[in-house]
Amino acid sequence: MTDWSIPHCVAGARHLVDVARRHGAAPEVSLAGTGLLPSHVEDGEAEVSAEQELRVIRNVMAALPRVEGLALEVGSRFQITDFGFWGYALFSSRSLREALKLALRYLDLSAIFGEVEFVEHQDQASLCLNYAKVPADVRNFLLERDAAAIIRIQRLVDSRPTPPTRIQFEFPRPAYAARFEELLGRMPEFDAGVTMLTLDPRVFDQPLLQANEATARMCEAECQKLLARRRARSGTSARVRDIILRRPADAADMEMVAAELCMTSRTLRRHLAEENSSFRALRDEVLMTLAEELIGTAHMKLAEVAERLGYSDAAAFSHAFKRWKGRTPHASRSKPV
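Residues numbered from 1 in each chain as written. Predicted model: local features only at pLDDT ≥ 70, side-chain atom pairs only at ≥ 80, totals over all residues. Heavy atoms only, no water.

Novice: Requested: an account of the overall build of the protein, with residues and values cited.
Specialist: Within the protein, the regular secondary structure consists of 17 helices and 6 strands. At 22 Å, the protein has a C-alpha radius of gyration in line with the 20 Å of a compact globule built from 337 residues. For the protein, the spread of C-alpha atoms along the principal axes amounts to about 70 × 45 × 40 Å. Taken across its 337 residues, the protein has 49% of its residues classed as buried. Considering only intrachain contacts with a sequence separation of at least 6, the fraction spanning at least 24 residues in the protein is 68%. Element-wise, carbon and sulfur atoms account for 51% of the exposed surface of the protein, whose accessible area totals about 16200 Å². With 45 positive and 46 negative side-chain charges, the protein shows a spacing of 4 Å between the two charge centroids. (Helix = DSSP H or I, 4+ residues; strand = E, 2+ residues; numbered from the N terminus. Rg over C-alpha atoms; globule rule 2.2 N^0.38 Å. Buried < 20%, exposed > 50% of the residue type's maximum accessible area, 1.4 Å probe, protein only. Contact = heavy atoms within 4.5 Å. Areas by Shrake-Rupley, 256 points an atom, 1.4 Å probe, with all protein chains shown as cover. Lys, Arg positive; Asp, Glu negative; His and termini not counted. Charge placed at Lys NZ, Arg CZ, Asp CG, Glu CD.)

Novice: Requested: an account of the packing of aromatic side chains, with residues and values cited.
Specialist: All chains considered together, the criterion is met by 13 aromatic pairs. Ring centres of Phe 317 and Phe 321 lie 5.9 Å apart, and the angle between their planes is 55°; on these two criteria the pair is classed as tilted. Here Phe 317 and its partner Phe 321 are both found in helix α16 (residues 314–325), 4 residues apart, which amounts to about one turn of the helix. A centroid spacing of 6.4 Å and a plane angle of 65° characterise the contact between Phe 321 and Trp 324, whose relative ring orientation is edge-to-face. Here Phe 321 and its partner Trp 324 are both found in helix α16, 3 residues apart, which amounts to about one turn of the helix. A residue is classified by how much of its surface remains accessible, and Phe 321, at 0% relative accessible area, is buried. We classify Trp 324 as buried; its relative accessible area is 14%. Ring pairs connect the aromatic residues Phe 169, Phe 171, Tyr 176, Phe 180 and Phe 190, which therefore count as one cluster. (Phe/Tyr/Trp six-rings, centres within 6.5 Å; stacked < 30°, edge-to-face > 60°.)

Novice: Give me the side chain of Glu 53: which residues, what numbers.
Specialist: The residue Glu 53 is located in helix α4 (residues 50–63) in this model. Glu 53 has contacts with His 8, Gly 12, Ala 13, Val 48, Phe 113 and Arg 145, leaving out every residue within four places of it along the chain.

Novice: Explain the layout of surface pockets to me, and be specific about the residues and the numbers.
Specialist: If you add up the space inside the largest pocket, you get close to 860 Å³. Forming the boundary of the largest pocket are 35 residues, of which Glu 47, Gln 52, Arg 241, Asp 242 and Leu 245 lie nearest the centre. Put simply, the parts of the chain that give the lining of the largest pocket at least two residues each are α3 (38–41), β2 (47–48), α4, α11 (236–246) and α14 (279–296). Tallying contributions element by element places α11 first for the lining of the largest pocket, with 7 residues. (1 Å grid on protein atoms, 1.4 Å probe; cavity = no way out; pocket = protein on both sides within 12 Å on 5 of 7 lines; lining within 4 Å. Points joined across faces, edges and corners; volume = space filled by probe spheres on them.)

Novice: Account for empty space enclosed by the protein, with residues named and values stated.
Specialist: Once rolled over the atoms, a probe with the size of a water molecule shows which space is left empty. The tally for this structure, following the rule as stated, stands at 2 cavities of 30 Å³ or more. Within this model, the largest cavity holds a volume of roughly 460 Å³. Lining the largest cavity are 31 residues, and of these Leu 100, Leu 127, Ile 150, Ile 153 and Gln 154 lie nearest its centre. Among the elements that take part in the lining of the largest cavity, helix α8 (residues 136–157) stands out by supplying 8 residues, more than any other. Here the residues of the lining of the largest cavity sort into 25 nonpolar, 4 polar and 2 charged. Its boundaries defined by the atoms lining it, the second largest cavity holds a volume of some 30 Å³. Lining the second largest cavity are Val 157, Asp 158, Ser 159, Arg 160, Leu 208, Leu 209 and Gln 210. Residues belonging to the lining of the second largest cavity are distributed by class as follows: 3 nonpolar, 2 polar and 2 charged. (Nonpolar A, V, L, I, M, F, W, Y, C, P; charged D, E, K, R; others polar.)

Novice: Describe α16, and please don't skip the residues or the numbers.
Specialist: With 12 residues, α16 extends 16 Å from end C-alpha to end C-alpha; this agrees with the ideal 16 Å at 1.5 Å per step. Taken together, the buried positions of α16 are Phe 317, Ala 320, Phe 321 and Trp 324. With its buried residues spanning 100° around the axis, α16 presents them on a single face. Exposed and facing more than 90 degrees away from the buried side of α16 are Ala 315 and His 319. (Expected span 1.5 Å × (residues − 1). Arc of directions from axis to C-beta.)

Novice: Describe the sheet that holds strand β5 (residues 166–168), listing the residues and the values that go with them.
Specialist: Here we have 4 strands laid out as an open sheet, ordered β3-β4-β6-β5, and antiparallel in their pairing. Here the strands that pair on one side only, and so sit at the sheet edges, are β3 (115–120) and β5. Neighbour to neighbour, the strand axes of the sheet diverge by 15° on average, direction disregarded. Sheet strands touched by helix α7 (residues 96–105): β3, β4 (125–130) and β6 (195–199). Its angle to β3, the strand with the most contacts, is close to 150°. (Pairing = 2+ DSSP bridges. Axes fitted to C-alpha atoms, helices over the stretch in contact; angles between N-to-C directions.)

Below, the structure is given as structure tokens:
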């Protein structure tokens, strides 16, 4: 089962922003209300929360309602390098079967939103995608995107022509059905009641040309470490950071953050103490990062930054910035405004 509290790699959000830009939606529109800046999604080592990525999807869907096959286009853009050690572990596996087992073992390091199960019978092997827990307004989008991404990664791991023998989607046939065959290599069955990708099981045990057992072992060990680090950051502290990122102007209001987490401020304080953190430390961490981005990259005026981050005026913001960094905001600019 996919754990939504664990941060995602930024690739899903980045490809969505890039595709939306190609269709006329500016990055600022795609990222509105997420607390993310364009420079963040371009950082290959960055992470985003599930809630932030869902907000990006909703923004793009609202901005480009007439663009057909958008999710398929996004899913077909993924690369092995988008997933770091997880991707390299798949690429170095001895066979497609081993790659698949490893992918599912560390699925939380991917961009997948739903639950994925591998089911094998005598004459077929299938990946079943269960997205029942994904919000209904983005469910079909993510089913399309993630199915396309799975087929894309499978093709990159195994360059031999092994298209799915059957593709099924649980939703009705859309007007752009031809795009599925174009990008996925086969026309799916729609209204199937289940979303499933089926392959000939004989391809699963054929040796992969680029297999490297030592590299695969090393990459899997790194996957274990990375997943442990992400899980360690997926508690209350991570949820508080996400809220402050989305609503930095309200960051001083601990009662508001606690209410959004469905707890009292006293309970929130206790949970954070158990994680060796505090609300003020988290607030300062997030606001400091945003402040550096806004004054150093976005080149906003100090008064605008102060308003964006919830300070009464530029002087109050400058005082806080000097406390964080030991220098004034002006000294941190990469060039004059």
